[in-house]
Amino acid sequence: MTFTYEYETYGENRVEELIENGSSIYVNQENKHEYVQLLIDFIFNKSIKRQFDSFYKGFHKACGGDALTLFRPEELEGLICGCKTLDFQAMKRETRYDGYDGDEEVIEWFWDILLNEFTYEQQKRFLFFCTGCDKAPVSGLENIMF
């Protein structure tokens, strides 16, 4: 094993040298920690640098300036990625029915299946079907209007 990383992208095998002349430097007991650090740096940083730089540029163009300093990292994550918790009970409480009371048998079946029988993955797929996104908005499912 040498200071290289072999991977496949779009059906093409590629070899990336992690350091200069990495293909001629063998990994051994003395340098294995350096190899692991370089490999992690490549996979998590260098291999996605172009994509991340584009995201960073676009994000700061749309959301740049002093406004970003108002948020903690976890708040920004929520704004960008949506809420990871799917509180369908809250959605059920806030759902209003046009021409129905909400206690009709078919409506009760719907909520029973969604809340008690669907797995988390099925709930995410249901949400995606209804909204085009499998994450809840930051304000929660109770604020989605159908």
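The structure presented is a predicted model; accordingly, all values stated were derived computationally and were not measured.

## Things to note about the pattern of salt bridges
Thinking step 1. Counted according to the given criterion, the structure contains 8 salt bridges.
Thinking step 2. In this structure, Glu74 and Arg72 form a salt bridge, with 2.6 Å as the shortest nitrogen-oxygen distance.
Thinking step 3. Linked by salt bridges that have partners in common, Glu121, Lys124, Asp134 and Lys135 make up one network.

## Focus: the pairing of strand S2 (residues 12-17)
Two faces belong to every sheet, and in a regular strand the side chains alternate between them.
Thinking step 1. Here strand S1 (residues 4-9) pairs with S2 via 6 bridges, running antiparallel. The residue bridging Glu8 from the neighbouring strand is Asn13, located in S2.
Thinking step 2. Counted along the chain from S1 to the antiparallel partner S2, the turn is 2 residues long, and its residue Tyr10 has a positive phi close to 50°.

## A look at the packing of aromatic side chains
Thinking step 1. Inspection of every chain in the model, using the stated rule, returns 10 aromatic pairs.
Thinking step 2. Both rings, one in Phe3 and one in Tyr35, keep their centres 5.5 Å apart while their planes meet at 90°; by these two values the pair is edge-to-face. Here Phe3 is found in the segment before S1, whereas its partner Tyr35 is found in helix H1 (residues 32-44), with 32 residues between them in sequence.
Thinking step 3. Judged by its relative accessible area of 10%, Tyr35 falls in the buried class.
Thinking step 4. Relative to Tyr7, the ring of Tyr5 has its centre 5.2 Å away and its plane inclined at 20°; by these criteria the two rings are stacked.
Thinking step 5. Given a relative accessible area of 22%, Tyr7 falls into the partly exposed group.
Thinking step 6. Connected via pairs of aromatic rings, a cluster forms that spans Phe52, Phe55, Tyr56 and Phe59.

Basis of the calculations
- The residue numbering used here restarts from 1 in each chain and proceeds along that chain's sequence as written.
- Under the rules for a predicted model, residues below a pLDDT of 70 receive no local features and side-chain atom pairs below 80 are neither given nor counted, while totals for whole chains, interfaces and linings still include all residues.
- Water and hydrogen atoms play no part in the side-chain values, which are based on all heavy atoms of the structure.
- In the sections that follow, a salt bridge refers to a side-chain nitrogen of Lys or Arg positioned within 4 Å of a carboxyl oxygen of Asp or Glu.
- Between any two strands, at least two bridges found by DSSP are needed for them to pair.
- A run of DSSP states H or I qualifies as a helix once it reaches four residues; a run of E qualifies as a strand once it reaches two. Both are numbered from the N-terminal end.
- Between the rings of Phe, Tyr and Trp (Trp by its six-membered ring), a pair exists once the centres lie within 6.5 Å; its type follows the angle of the planes, with under 30 degrees stacked, over 60 edge-to-face, and the other angles tilted.
- Burial status follows relative accessibility: with a 1.4 Å probe on protein chains alone, a residue under 20% of its type maximum counts as buried, one over 50% as exposed, and anything between as partly exposed.

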